[in-house]
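Breakdown of the fold
Next come the chains, spelled out residue by residue.
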Amino acid sequence: MARNLSARPHGDQVTVLVVEDDSDTRTFLDQLLRLEGYHPVLATTGEDAIKLLGQQPVDFLLLDVMLPDMSGYDLCAHVRRNHDGSMPVVMLSALTQPQDVAQGLERGADDYLKKPFVSEELLVRINHLLQRHRDAAKMAQENAALQEKLRHVAGQVQSLQQASETESVLRREFLHNVATHMQALCGIVDAETRKLPPSPERDTVQRIRSRVYGAALVYQTSEMLAEDSVAIGSLIH
């Protein structure tokens, strides 16, 4: 069980799981970590370490390669598969061949320190890995927050697009209806004009007809532009 270091309460100690079968080395690491303000939890076998990982939060894993029941390589791979893929892991080992170091890193360790080790160097590496883990966790949180904002903005854009499409449909329907009624009204005025003999009244009706026709032409033009700006050519020609 691992926890997010960036979410720990202020002053809460970093828990370091030490997996070491040598009693002298285990005691030394316990005292060293306590003096530096860490909270060490001790295990002598891989199975004990796996049980502890399932029982309590652990922030850092410090393990020996040569354990009595399994190799540190196998334990590290197990942790990566089943517990936490990002928890910092440092391996300690007397195996100093390049292939040993490479195997440890390939199985999931973040660092590999050869025994005997220098205390100051070990503490520096622990601090460095913890800070890197905190930075990665913070970046992940910021990225998640940014993704949430992007989803919110995308939802707003989609809503605006839908509203714009609805408004466009209503506008086109309105223009079409007005243009249709204006054209019908022009037809009625033409029919009434033909019934009238030449007179001032007929001149008045013709002036009304011209105004209605002009208004109908405006709405018809607006309707065409709403559908397709190129369609205005049909009115010109």
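Refer to the structure above for everything that follows.
Since we're looking at a predicted model, the values are computed, not measured.

L17, V19, L61, L63, L75 and M91 are the most contacted members of the largest nonpolar core, which has 24 residues in total. Among residues more than four places away in sequence, those in contact with V19 are A43, T45, A49, L61, L62, L63, D64, L67 and L75. By size, the runner-up hydrophobic cluster in this structure holds 18 residues, among which are V18, L29, Y38 and F117.

Put simply, K115 and P116 share a cis peptide bond, and its omega is -10°. Note on placement: P116 falls in the loop between β5 (111–114) and α5 (119–195).

With respect to burial, strand β4 (residues 89–93) is a largely interior element, 5 of its 5 residues being buried. Of the two faces of β4, the one lined by V89, M91 and S93 and the one lined by V90 and L92 are each fully buried. Crossover connection from strand β3 (residues 60–64) via helix α3 (residues 72–82) to parallel β4: handedness right-handed. Judged from the 4 bridges that link them, β4 and β5 form a sheet pairing that is parallel. Bridge pairing in β5 places M91 opposite Y112.

Turning our eyes to something else, we now look at the sheet that holds β5. Taking strand neighbours across the sheet as the criterion, the 5 strands line up as β2-β1-β3-β4-β5 in an open arrangement whose pairing is parallel. If you trace the sheet from one side to the other, it starts and ends with β2 (39–43) and β5, each paired once. Within this sheet the neighbouring strands show an average axis-to-axis angle of 20°, counted without direction. Bridging between strand β1 (residues 15–19) and β3 involves 4 bridges; their strand directions are parallel. Of the residues in β3, the one forming a bridge with V16 is F60. Most of the contacts of helix α1 (residues 23–35) go to β2, to which it runs at about 165°, and overall it touches β1, β2, β3 and β4. Strand contacts of helix α4 (residues 98–106): β4 and β5, with the helix running at about 145° to β5, the strand carrying the most contacts.

Evaluated as defined, the whole model comprises 9 salt bridges. The closest approach of N and O atoms between R107 and D74, which form a salt bridge, is 2.9 Å. Of this pair, R107 sits in the loop between α4 and β5 while D74 sits in helix α3, and the two are 33 residues apart along the sequence. Residues participating in the shared-partner salt-bridge network are E20, D64 and K115.

Looking at where D59 falls in the secondary structure, it is placed in the loop between α2 (46–55) and β3. Judged by its relative accessible area of 1%, D59 falls in the buried class. Of note is the side chain of D59, whose polar atom sits 2.8 Å from the backbone nitrogen of T15.

Reading the values: rules and limits
- Residues numbered from 1 in each chain as written.
- Predicted model: local features only at pLDDT ≥ 70, side-chain atom pairs only at ≥ 80, totals over all residues.
- Heavy atoms only, no water.
- Core = buried A, V, L, I, M, F, W, Y, C linked by side-chain atoms within 4.5 Å.
- Buried < 20%, exposed > 50% of the residue type's maximum accessible area, 1.4 Å probe, protein only.
- Contact = heavy atoms within 4.5 Å.
- Helix = DSSP H or I, 4+ residues; strand = E, 2+ residues; numbered from the N terminus.
- Right-handed = clockwise from strand over helix to strand, strands pointing away.
- Pairing = 2+ DSSP bridges.
- Axes fitted to C-alpha atoms, helices over the stretch in contact; angles between N-to-C directions.
- Salt bridge = Lys/Arg side-chain N within 4 Å of Asp/Glu carboxyl O.
- Polar contact = N/O pair within 3.5 Å; in protein donor to acceptor, adjacent residues only side chain to side chain.

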